[in-house]
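As a plain string of letters, each chain reads:
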Amino acid sequence: MKKIDSLITLLHSLSKAEKKHLSLQLLKGNEEKDYLLVFQLITKNGLADPDILKKEFAGVRPGASFEIAVHYLYEKALDTLLGLRKKRDLHYDLFIKISKARMLYDRSLFYDCLELLAEVIETARKFELYEISMIAGKLELEYLLRLNFPSISQQELYHKHYRQVEAIKHIRKTTEQSSLYDLLKYRLIHMGNIRTDQQKKDMNDLMVSEFYLASSSGMDTNFEITKNHQLFQASYLMATGDFKSALQALRELNRLFEENPQFWAKPPIYYVSVLEGILNGLRFERNYEEMGYFVEKLSHLIENTSVEFRVNTTCLIFQYELFPLLDKGDFTACLGLVEKYKTSLYDKESALNPIRRCELLLYTSLVYLGIQDYRTARKVINRVLIDKRIEYLPLMKIIRLVRLMVYYELGESDLVRYETHSIRRGLSLKKEQFFQTEHTMLWFLNKEHLPVLRKDKEEMWEKLSARFARWHQDRFERQILHIFDFSAWIEAKLFRKPLATILQEKQH
């Protein structure tokens, strides 16, 4: 990425308070600075195109160097943001103290240097920041060696080395644990949720390795190892469709986080994952009342955070406010919620990560499908497919199914047949297995004629509903039905009823 592109992205990510603080820093001294002009063109004039920005700059300052101004402003913005993190980020403060200790040693202030390093080590160990503890401990031992170990007993030296070894062991264990969790998430992202007993068996290598590692790590006294273990277990159980057990594990994990706020990451990305898992489990159980409590917890986490974290978490909040309405077929209320989040979410869509954006557009298209605005639904769902970053996502199969439903509603039968063939060919090449729900949807969408007589419709639906009833009890099939009740859409088309009506009837 070019420096000007990075600068534009960085400045647009600033909060109002951050922009104001940076503006005050830039205004010190001469107000005719070139970099101040670039700042104003981006933040006040809203320019986001590098070419237009450069042209506007040259029009005001024809003899000035645009590249130098951009570079200086970029560095100034980073320095200012780092300064604002002081007293807000423990990691930042501890690393600053380590840098101060280096400076003190270079100035021959040896006692002050060692005292500061001892403070860093004690704080880092208290908050289980073993990487920082190890860095500060290594520096402390190096300085003690240079000074010929002044005023330190052999036993104290043993103890300092023991702490280093202990920190290294902890880092190794958490690194191994994290690698197993990363592998699990990678497989789930690229291969999708577990669909068969054989796929579950193939995952057992990770499950057994993680359980062995956690059981030998003293996890009852260590926050990070306990957190990693329960997060792994919950993700695995969720992927296998055992939502009840996953929800129980996530509740325990939530309790762990609530009891230990001092160990939260900044921003609290792991805690957000826990809350998302709980909300997903509650939706599966149709426990909509309790969902509000955890949505409220999410809303408190976005205060004083980065734009990227705030927008992605806002998207999560939106989804779990939407799901109770979507599941009940209240599409009018869904549309009102979409309008409510236009400024805080949809206008900031570019800040979403690919998966969040993919989910947002999928559920938005379902809202428009529900209110029978099929052209807007097609416009929204097609925006997902433009993004090449999400081609590998298992959720893409659901998105393509929803797009087929939209084509079906618009009467574009040729597109339905072409897309169906493409889906089947893709799955065949990847040697992936269909969900039965997917197979039935493709069959129904390509059926040329539906029964006309009421008796024939009821007979056809009796067979289909019996299948869906079994699949709702199947731990693998219900993973796709959990995203959207495709059986309701089939029933709506078969009996020529609005989708909202069918979903509302299913609630009784």
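On a predicted model such as this, the values are computed, not experimentally measured, just so you know.

Visitor: Looking at this structure, how should I read the nonpolar core?
Guide: The tendency in soluble globular proteins is for nonpolar side chains to be buried as a group. In this structure, F318, L326, L345, M405, F486 and W489 are the most contacted members of the largest nonpolar core, which totals 128 residues. A total of eleven residues in this core trace back to one element, the largest contributor, which is helix 16 (residues 307–327). With sequence-adjacent residues up to four places away left out, L345 is seen in contact with V311, T314, C315, F318, L352 and L360. L10, V38, L41 and I42 belong to the second-largest nonpolar core, a separate cluster that totals 24 residues.

Visitor: Is there a simple way to think about helix 26 (residues 499–506) in this case?
Guide: Along an α-helix, residues three or four apart share an orientation, since each turn contains 3.6 residues. Within helix 26, the full set of buried residues consists of L499, A500, I502 and L503. Angular distribution of buried residues about the axis of helix 26 spans 165°; they occupy a single face of the element. Buried residues along helix 26 sit in contact with helix 16, helix 17 (331–340), helix 18 (354–370) and helix 25 (486–494).

Visitor: Please explain the layout of surface pockets as it appears in this structure.
Guide: Over the atoms, a rolled probe matching the size of one water molecule traces out where space is still vacant. Roughly 930 Å³ of volume is contained in the second largest pocket. Forming the walls of the second largest pocket are 27 residues, and the residues nearest its centre are E18, R85, N304, T305 and S306. Those elements that place two or more of their residues in the lining of the second largest pocket are helix 2 (16–27), helix 5 (66–84), helix 15 (288–301) and helix 16. Considering each element in turn, the lining of the second largest pocket owes the most residues, four residues, to helix 5. Split into classes, the residues belonging to the lining of the second largest pocket amount to twelve nonpolar, seven polar and eight charged.

Visitor: Would you take a moment to explain the packing of aromatic side chains for this structure?
Guide: Two numbers describe a pair of aromatic rings. These are the distance of the centres and the angle of the planes. With the rule as written, the count across this model stands at 20 aromatic pairs. Taking 5.4 Å as the distance between ring centres and 85° as the angle between the ring planes, the aromatic pair formed by F223 and F257 counts as edge-to-face. Remark: F257 occurs in helix 13 (residues 243–259) and F223 occurs in helix 12 (residues 223–239); sequence separation between them is 34 residues. Using a relative accessible area of 2% as the deciding quantity, one classes F257 as buried.

Visitor: Mind showing me how you'd approach the pattern of salt bridges here?
Guide: Any two side chains of opposite charge can pair, so long as their charged atoms come close to each other. Using the criterion set out here, one finds 26 salt bridges in the structure. E142 serves as the salt-bridge partner of R146, at 2.4 Å between the closest nitrogen and oxygen. Linking R146 with E142, this pair stays in helix 8 (residues 130–146), spanning four residues, or about one helical turn. The partly exposed category is assigned to R146, whose relative accessible area is 48%.

Visitor: Can you walk me through the packing of helix 7 (residues 110–126) against helix 8 in this structure?
Guide: For any two helices packed against each other, one specifies the inter-axial angle together with the distance between the axes. The interhelical angle for the contact between helix 7 and helix 8, taken along N-to-C directions, is 155°, at an axis separation of 8 Å. As summarised for this structure, helix 7 and helix 8 are arranged roughly antiparallel, according to the angle between their axes. Both helix 7 and helix 8 take part in a crossing whose hand is left-handed. Residues C113, L114, L117, A118, V120, I121, A124 and R125 of helix 7 form the contact with helix 8, whose participating residues are Y130, I132, S133, A136, G137, L139, E140, Y143 and L144. Here the contact of helix 7 with helix 8 is composed, by residue class, of 13 nonpolar, two polar and two charged.

Visitor: What am I meant to see in the packing of helix 20 (residues 395–409) against helix 25 here?
Guide: At a closest axis distance of 13 Å, the pairing of helix 20 and helix 25 adopts a crossing angle of 10°. The orientation of helix 20 relative to helix 25 falls into the category roughly parallel. Contacts between helix 20 and helix 25 involve I398, L401, V402, M405, Y408 and E409 from the first element and F486, W489 and K493 from the second.

Visitor: Explain empty space enclosed by the protein to me, please; I cannot follow it from the model alone.
Guide: Within this structure, the stated rule accounts for two cavities of 30 Å³ or more. The calculated volume of the largest cavity comes to roughly 50 Å³. Taken together, I121, S133, G137, E140, L141, K160, R163 and Q164 form the lining of the largest cavity. Only helix 8 and helix 9 (154–191) provide two or more residues apiece to the lining of the largest cavity. The element that contributes the greatest number of residues to the lining of the largest cavity is helix 8, accounting for four residues.

Visitor: So what exactly am I meant to see when it comes to the side chain of R403 here?
Guide: Within the fold, R403 resides in helix 20. A distance of 3.3 Å separates polar atoms of two side chains, one belonging to R403 and the other to N382.

Visitor: Sorry if this is basic, but what is going on with the side chain of Q230 here?
Guide: Secondary-structure assignment places Q230 in helix 12. Among the residues examined, Q230 registers a relative accessible area of 16% and is labelled buried. Excluding residues within four positions of it along the chain, Q230 makes contact with A249, E252, L253 and L256.

The rules behind these values
Residues numbered from 1 in each chain as written. Predicted model: local features only at pLDDT ≥ 70, side-chain atom pairs only at ≥ 80, totals over all residues. Heavy atoms only, no water. Core = buried A, V, L, I, M, F, W, Y, C linked by side-chain atoms within 4.5 Å. Buried < 20%, exposed > 50% of the residue type's maximum accessible area, 1.4 Å probe, protein only. Helix = DSSP H or I, 4+ residues; strand = E, 2+ residues; numbered from the N terminus. Contact = heavy atoms within 4.5 Å. Arc of directions from axis to C-beta. 1 Å grid on protein atoms, 1.4 Å probe; cavity = no way out; pocket = protein on both sides within 12 Å on 5 of 7 lines; lining within 4 Å. Points joined across faces, edges and corners; volume = space filled by probe spheres on them. Nonpolar A, V, L, I, M, F, W, Y, C, P; charged D, E, K, R; others polar. Phe/Tyr/Trp six-rings, centres within 6.5 Å; stacked < 30°, edge-to-face > 60°. Salt bridge = Lys/Arg side-chain N within 4 Å of Asp/Glu carboxyl O. Axes fitted to C-alpha atoms, helices over the stretch in contact; angles between N-to-C directions. Parallel < 35°, antiparallel > 145°, perpendicular 65-115°, else oblique. Left-handed = near helix turned anticlockwise from the far one by under 90°. Polar contact = N/O pair within 3.5 Å; in protein donor to acceptor, adjacent residues only side chain to side chain.

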